[in-house]
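Structural overview for review
Chain by chain, the residues:
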Amino acid sequence: MTIYEEEYVNLLHRVINYADETYKKNRTESKCISKFGESISVDLQDSFPILLGRKMYPKTFFTELKWFIEGETNIKRFKDAGIKIWDKWADTRGELGPVYGFQLRKWGGMTHKHTFDQLNNVLYNLKYNPLSRRHVVTLWNPDDIDDMILPPCYHSFTFNVTNDRLNCHVTMRSSDVFVGLPYDIALFATMVKLMCNTLKHKLKPGRLYFSLTDAHMYWQNMDTIQDYLEDMKKGYYVPSILPQLYTNKKDIYNFEPEDLEMFNYVPKNSYKVEVVE
């Protein structure tokens, strides 16, 4: 299997084998296996981090990234694309409150007349002061938490430039490592690539590092997870050319999901998973 998928499989095994709680109670009515303090590191230099042993849907994370970057709070974009990942949480109007993209592009917008655009700010600083250690974006606004239907799972991320490579460290308060994490990794990998395009290729994608405070799996998906892990023991053929993301020279401000293409992506199996509300 690919190096990335091997790292991911190892993460799943660690959560299962060294869980702090096997039947942890949580916000949902579903119990989960939970481990405090996990991480995964992803190299973006040679290929795109997408699972080959399990089918993923690039349209989903391309659409979610666009929704995030545009600062949207309504799920209409997902509905129009036939994507149901946010259906369980949105209210009757399709609203989620001042989540993710609102905090990225309109920080302070719930209580102040003037808002702060964190995306513009971090790109400006990456362009003119790339070696700074202050390229921080935070989505956790205590003033707005009670107005969010679901507070951000990835609540802060920090960019770093080393050897002309753009790296990103993502911190997650909560991560469903089987259902959601692969899509979060793919979303940030796409973001880093598009940000490099925005900076006129002064930087190239480097690494992603995810810190997971509560890494968990829900019991509804355990049979599927075990099937996946058993299949991964058998391995699979790794193509000589690994999956690559083609952005058609689009940047973080002007792309549409349809502009993005996943080249040479041929997944092995498809697994049905349940998204727990």
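Now for a look at the structure at hand. Not measured: the values here are computed from a predicted model. (Residues numbered from 1 in each chain as written. Predicted model: local features only at pLDDT ≥ 70, side-chain atom pairs only at ≥ 80, totals over all residues. Heavy atoms only, no water.)

Describing the overall build of the protein chain
The test is simple: Secondary structure elements follow DSSP: runs of H or I no shorter than four residues count as helices, runs of E no shorter than two count as strands, and numbering proceeds from the N terminus. Two things to know: the radius of gyration comes from C-alpha atoms, and the globule rule equals 2.2 Å times the number of residues to the power 0.38. By the convention used here, residues are in contact when the closest approach between their heavy atoms is within 4.5 Å. Using a 1.4 Å probe, the Shrake-Rupley method yields the accessible areas, and only the shown protein chains count as cover for residues. Charged residues are defined narrowly, with Lys and Arg counted positive, Asp and Glu counted negative, and His plus the chain ends left uncounted. A charged residue contributes its charge at one atom only: NZ of Lys, CZ of Arg, CG of Asp or CD of Glu.
Helix and strand counts for the protein chain come out as 7 helices and 9 strands. Relative to a compact globule of 277 residues, whose C-alpha radius of gyration would be 19 Å, the protein chain shows 18 Å and is just as compact. Based on the C-alpha atoms only, the size of the protein chain along its principal axes is roughly 50 × 45 × 35 Å. Partitioning the intrachain contacts of the protein chain with sequence separation of at least 6 by distance along the chain shows that 69% fall at a separation of at least 24. For the protein chain, the computed accessible surface area is about 13800 Å², with 48% contributed by carbon and sulfur atoms. Charged side chains of the protein chain number 35 positive and 36 negative; the gap between the two group centres comes to 4 Å.

Brief notes about the layout of surface pockets
Rules: Only protein atoms enter the 1 Å grid used here, on which a cavity is any set of points holding a 1.4 Å probe that cannot leave and a pocket is any open set flanked by protein within 12 Å on both sides along at least five of seven lines; residues with an atom within 4 Å of a point are listed as lining. Grid points are joined across faces, edges and corners, and a volume is the space filled by probe spheres set on the points. Classification used: nonpolar for Ala, Val, Leu, Ile, Met, Phe, Trp, Tyr, Cys and Pro, charged for Asp, Glu, Lys and Arg, polar for all others including Gly.
The calculated volume of the largest pocket comes to roughly 1000 Å³. Elements represented by at least two residues in the lining of the largest pocket include exactly helix 2 (58-69), strand 6 (175-176), helix 6 (181-198) and strand 7 (204-218). Along its surface, the second largest pocket is lined by 15 residues, and I3, Y4, D43, S47 and L242 are the ones closest to its centre. Among the elements of the structure, helix 1 (3-17) and strand 2 (32-43) are those that each provide at least two residues to the lining of the second largest pocket. Split into classes, the residues belonging to the lining of the second largest pocket amount to 8 nonpolar, 3 polar and 4 charged.

Focus: helix 6
Residues separated by three or four positions in an α-helix point in the same direction, a consequence of the helix having 3.6 residues per turn. Formally: Expected helix span is taken as 1.5 Å per residue step, with the number of steps being one fewer than the number of residues.
Across its 18 residues, helix 6 extends 26 Å between first and last C-alpha, which sits within 8% of the 26 Å expected from 1.5 Å per residue. The first or second residue beyond helix 6 is K200, which carries a positive phi of 60 degrees.

Thoughts on the packing of aromatic side chains
As a reminder of what qualifies: Aromatic pairs are defined between Phe, Tyr and Trp rings, using the six-membered ring for Trp, whenever the two ring centres lie within 6.5 Å; interplanar angles under 30 degrees are classed as stacked, those over 60 as edge-to-face, and all others as tilted. Relative accessibility under 20% of the residue-type maximum defines a buried residue, over 50% an exposed one, and the middle range a partly exposed one, all with a 1.4 Å probe and only protein chains included.
What the rule picks out here adds up to 22 aromatic pairs. Both rings, one in Y100 and one in Y154, keep their centres 4.7 Å apart while their planes meet at 50 degrees; by these two values the pair is tilted. Here Y100 is found in helix 4 (residues 100-105), whereas its partner Y154 is found in strand 4 (residues 154-162), with 54 residues between them in sequence. Among the residues examined, Y100 registers a relative accessible area of 4% and is labelled buried. Seen in terms of ring centroids, Y246 and F263 are 5.4 Å apart; in terms of plane orientation they differ by 5 degrees. Their pairing is stacked. Of this pair, Y246 sits in strand 8 (residues 244-246) while F263 sits in strand 9 (residues 261-263); the two residues are 17 residues apart in sequence, bridging distant segments of the chain. An aromatic cluster is built from W67, F68, F78, W86, W89, Y100, Y154, F157, F159, F188 and F210, whose rings are joined through pairwise contacts.

Digging into the packing of helix 2 against helix 6
In plain terms, the rule: A fitted line through C-alpha atoms serves as each axis, taken over the contacting stretch for helices, and the angle formed by two N-to-C directions is quoted from 0 to 180°. Angle categories are assigned with fixed cut-offs, so that under 35 degrees is roughly parallel, over 145 is roughly antiparallel, 65 to 115 is roughly perpendicular, and the rest are oblique. Here is the rule for handedness: rotate from the far helix to the near one, and if that takes an anticlockwise turn smaller than a right angle the crossing is left-handed, while a clockwise turn gives right-handed.
Their axes nearest at 9 Å, the elements helix 2 and helix 6 cross at an angle of 60 degrees. For the element pair helix 2 / helix 6, the angle class is oblique. Read as a crossing pair, helix 2 and helix 6 show a hand that is right-handed. Note on element contacts: helix 6 touches helix 2 through Y183, A186, L187, T190, M191 and L194, opposite T60, F61, F62, E64, L65, F68 and I69. Residue composition of the contact of helix 2 with helix 6, grouped by class: 10 nonpolar, 2 polar and 1 charged.

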